[in-house]
Amino acid sequence: MGTAELQDLREQIDRIDQEIIALLSERFKITEEVGIYKAEHGLPVQDINREAEQFGKIAELSMSRGLRPEYAVGVYRCIIDLVISRHREIKEGRK
Ligand SMILES: C=C(O[C@@H]1C=C(C(=O)O)C=C[C@H]1O)C(=O)O
């Protein structure tokens, strides 16, 4: 592989990153709404039953796409942990 191919691969990565950021932004906007609902209704910030369902689907989807499920599960664990900490902030009335 030469430098032109390396550059091409990096351009592909940059395009994918733009899509990931757009989707993450959408996802966090929706989880913000869920956090507000939970705070208003006195619901717990974490729902481990919902997470168990999600992780099952994430592992299946990953395998069907040829992605190592532990990669997707690791990424989602980070995302969901951030959502939970944001829900805690909302519950405590922090902006
Ligand atoms: C968004 C929610 O809150 C938390 C965050 C989740 C997520 O980011 O997908 C899933 C379950 C909860 O632990 C929810 O309960 O639906």
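Fair warning: this is a prediction, and the values are worked out from it, not measured in the lab. (Residues numbered from 1 in each chain as written. Predicted model: local features only at pLDDT ≥ 70, side-chain atom pairs only at ≥ 80, totals over all residues. Heavy atoms only, no water.)

**Student:** How should the nonpolar core be read in this particular structure?
**Tutor:** Looking at soluble globular proteins, one finds that nonpolar side chains tend to be buried together. Core analysis: the largest hydrophobic core is formed by six residues, namely Val 45, Phe 55, Ile 58, Ala 72, Ile 80 and Ile 84. Elements represented by at least two residues in this core include exactly α2 (48-64) and α3 (69-91). The element that contributes the greatest number of residues to this core is α3, accounting for three residues. For Ile 58, the contacting residues outside a window of four places in its chain are Ala 72, Val 73 and Tyr 76. (Core = buried A, V, L, I, M, F, W, Y, C linked by side-chain atoms within 4.5 Å. Buried < 20%, exposed > 50% of the residue type's maximum accessible area, 1.4 Å probe, protein only. Helix = DSSP H or I, 4+ residues; strand = E, 2+ residues; numbered from the N terminus. Contact = heavy atoms within 4.5 Å.)

**Student:** How do you make sense of the site of the ligand when you look at a structure like this?
**Tutor:** Lining the immediate surroundings of the ligand are 13 residues, of which Arg 27, Lys 38, Asp 47, Glu 51 and Gln 54 lie closest. Contacts to the ligand include Lys 38, whose side-chain N or O atom sits 2.7 Å from an oxygen atom. Within the side chain of Glu 51, an N or O atom sits 2.5 Å from an oxygen atom of the ligand. One can see that the ligand is located within the second largest pocket. Every element with two or more residues in the shell around the ligand is listed here: α1 (3-41), α2 and α3. In terms of residues, the shell around the ligand owes the most to one element, α3, which gives four residues. Class assignment of the residues belonging to the shell around the ligand gives a composition of five nonpolar, three polar and five charged. (Near = heavy atom within 4 Å. Polar contact = N/O pair within 3.5 Å; in protein donor to acceptor, adjacent residues only side chain to side chain. 1 Å grid on protein atoms, 1.4 Å probe; cavity = no way out; pocket = protein on both sides within 12 Å on 5 of 7 lines; lining within 4 Å. Sits in = over half its atoms within 2 Å of the grid points. Nonpolar A, V, L, I, M, F, W, Y, C, P; charged D, E, K, R; others polar.)

Read these as spatial facts, not as claims about activity.
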